[in-house]
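Read off the chains here:
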Amino acid sequence: MVESSAAITDLLRQCGGYAVIDGGLATELERHGADLNDPLWSAKCLMTSPHLIRRVHLDYLEAGANIIISASYQATLQGFVAKGISREEGEALLRKSVEIAREARDIYCDRASKGSWDVIGDPKALKRPLLVAASVGSYGAYLADGSEYSGIYGDAVTLETLKDFHRRRVQVLADSGADLIAFETIPNKLEAMAYAEILEEENIKIPAWFSFNSKDGINVVSGDPISDCAAIADSCDRVVAVGINCTAPRYIDGLVRSIKKVTTKPILIYPNSGETYDPDRKEWVPTTGVADGDFVSYVGKWHDSGASLIGGCCRTTPNTIRAISKSLSSQQDSLDFVAP
Ligand code: MET
Ligand SMILES: [Zn+2]
């Protein structure tokens, strides 16, 4: 396990300047038949089908991911309590999300070292570093009312509300054996500030990344400028990478360029498939006009613009991650060739 705030820089150094993040977890669980129509969304599987979560993590490792993200995105103590699950059991489920990911990593390493996984043809793949990131989804994700894609929580929700809401979950995940905390799909500046303050106040010992979502390529979904949000991440020493997830591929390039202007921290991106989620109908609707589906063709450009950690979010699959991994390694090989 990589300790301390050097986790991401060490990873990037060992990987030759880029690393691969996994793909959509919840949507992949659904593709395998899980019914996630529940306020807990993917966290429901922590109780009903942990084996399926482990399998999806393994599929992503096998596809070339260096970082797998736990199934705690919508696992909140408040959400569990609403289901009649006690705080203690809820905390155990949070820890379990990380244990499942660590187990998947152990199984993968064991199989890979025995050479029993025929998909791994590339000897470099056997030695690659693998990190487990503990996911923290937003307050809006807990509300499960679509506000993670609007970022509008209303005036009654203050910085203190958000800090109170997230504090214990962050503490539990920080002590769960994860290598880092992935604050994902952050919809507004206020929530980024809440996370930054919790990290400091609780003296959280593992590093974190901040990842925002956008639906216009300029602002995060609430309308707060991405540059303001990324600047909060930049000013917090415990944040070791900053970027964008669950956002249409067509917006990524511009967002990476804006982030780059306010930070020298590594930039991460894991776009969704480019479809939009209809919270009322609870389904993904393909957008018209832009061919986001084949987003792997953008990977070289994103890397050139400054993203060094690249993966996929909702509706991407192990095939997407395999293609990203191949695209980045062939780009790297050609760089090695031009500049030995
Ligand atoms: C709405 S974004 C969800 C991110 C989470 N890591 C997942 O893939 O399930
Ligand atoms: Zn997503």
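Residues numbered from 1 in each chain as written. Chains lettered and ligands numbered in written order. Predicted model: local features only at pLDDT ≥ 70, side-chain atom pairs only at ≥ 80, totals over all residues. Heavy atoms only, no water.

Caption draft 1: Spotlight on the overall build of the protein. When its secondary structure is counted, the protein shows 14 helices and 10 strands. For the protein, the C-alpha radius of gyration of 18 Å lies close to 20 Å, the compact-globule estimate for 340 residues. Overall size of the protein, expressed as C-alpha extent along the three principal axes, is 55 × 40 × 40 Å. Per-residue burial for the protein yields a buried fraction of 59% across its 340 residues. Across the protein, contacts joining residues at least 24 apart in sequence account for 78% of those joining residues at least 6 apart. Carbon and sulfur atoms make up 50% of the accessible area of the protein, which amounts to about 13800 Å² in all. In the protein, 35 side chains carry a positive charge and 46 a negative one; their mean positions are 3 Å apart. (Helix = DSSP H or I, 4+ residues; strand = E, 2+ residues; numbered from the N terminus. Rg over C-alpha atoms; globule rule 2.2 N^0.38 Å. Buried < 20%, exposed > 50% of the residue type's maximum accessible area, 1.4 Å probe, protein only. Contact = heavy atoms within 4.5 Å. Areas by Shrake-Rupley, 256 points an atom, 1.4 Å probe, with all protein chains shown as cover. Lys, Arg positive; Asp, Glu negative; His and termini not counted. Charge placed at Lys NZ, Arg CZ, Asp CG, Glu CD.)

Caption draft 2: Structural detail: helix α4 (residues 50-62). Between its terminal C-alpha atoms α4 stretches 18 Å, which fits the 18 Å expected from 13 residues at 1.5 Å a residue. Looking one or two residues past α4, G64 carries a phi angle of roughly 115°, positive in sign. (Expected span 1.5 Å × (residues − 1).)

Caption draft 3: Looking closely at the UniProt feature "binding site: Zn(2+)" (unreviewed entry) in the protein. Mapped onto this numbering, the UniProt entry annotates "binding site: Zn(2+)" (unreviewed entry) at C246, C313 and C314. In summary, the annotated positions, though distributed over 69 residues, converge in three dimensions, the widest C-alpha pair being only 6.3 Å. Examined against the element boundaries, C313 turns out to sit in the loop between β10 (307-310) and α14 (318-338). When you line up the elements, C314 lands in the loop between β10 and α14. Note on C314: relative accessible area 6%, which makes it buried. If we skip the residues at most four places from it in the chain, C314 touches G24, T27, W41, C246, N272, S273 and W284. (UniProt positions renumbered as here; feature names shortened; annotations may be inferred.)

Caption draft 4: Structural detail: the coordination of the zinc ion (ligand 2). C246 (SG), C313 (SG) and C314 (SG) make up the full set of protein donors to the zinc ion (ligand 2), lying at 2.3 Å. Around the zinc ion (ligand 2), the 4 donor atoms sit at angles spanning 93 to 130°, and that spread fits a shape best called tetrahedral. Summarised as a motif, the one-chain spacing of the donors to the zinc ion (ligand 2) is C-x66-C-C. Of the two residues, C246 is situated in the loop between β6 (239-245) and α12 (249-260) and C314 in the loop between β10 and α14; the sequence distance between them amounts to 68 residues. With respect to class, C246 is no different from C314; both count as buried. (Donors = N, O, S within 2.8 Å, 3.2 Å for Na, K, Ca; no water. Tetrahedral: all angles 85-135°; square planar, octahedral: opposite > 155°, others 65-115°.)

Caption draft 5: Region of the structure containing the sheet that holds strand β2 (residues 67-69). In space, the 8 strands of this open sheet follow the order β1-β10-β7-β6-β5-β4-β3-β2, with parallel pairing throughout. Edge positions in the open sheet fall to β1 (19-20) and β2, since each of these has one partner strand only. When strand β3 (residues 131-136) meets strand β4 (residues 180-186), the two strands line up parallel, connected through 4 bridges. For V136, the partnering residue across the bridge sits in β4 and is F183. Packed onto the sheet, helix α9 (residues 159-174) meets β3 and β4 and runs at close to 170° relative to β3. (Pairing = 2+ DSSP bridges. Axes fitted to C-alpha atoms, helices over the stretch in contact; angles between N-to-C directions.)

Caption draft 6: Structural view of the nonpolar core. Core analysis: the largest hydrophobic core is formed by 105 residues, its most contacted members being I8, F183, W209, F210, F212 and L309. Examining the composition of this core, we find that 8 residues originate from one element, helix α6 (residues 87-113), more than from any other. Among all residues touching F183, those that are not within four sequence positions of it are V136, V170, Y195, L199, A208, W209, F210 and S211. Grouped together as the second largest cluster of nonpolar side chains are 7 residues, Y139, L159, L162 and A194 included. (Core = buried A, V, L, I, M, F, W, Y, C linked by side-chain atoms within 4.5 Å.)

Caption draft 7: Structural view of the pairing of β10. Relative to β10, β1 is paired through 2 bridges, and the arrangement is parallel. Opposite V20, over in β10, you have I310 as the bridge partner.

Caption draft 8: Unusual backbone geometry, seen in detail. Positioned with a positive phi, N203 is a non-glycine residue whose angle comes to about 50°. Relative to the helices and strands, N203 resides in the loop between α10 (189-201) and β5 (208-212). Phi at C246 is positive, roughly 45°, even though this residue is not glycine.

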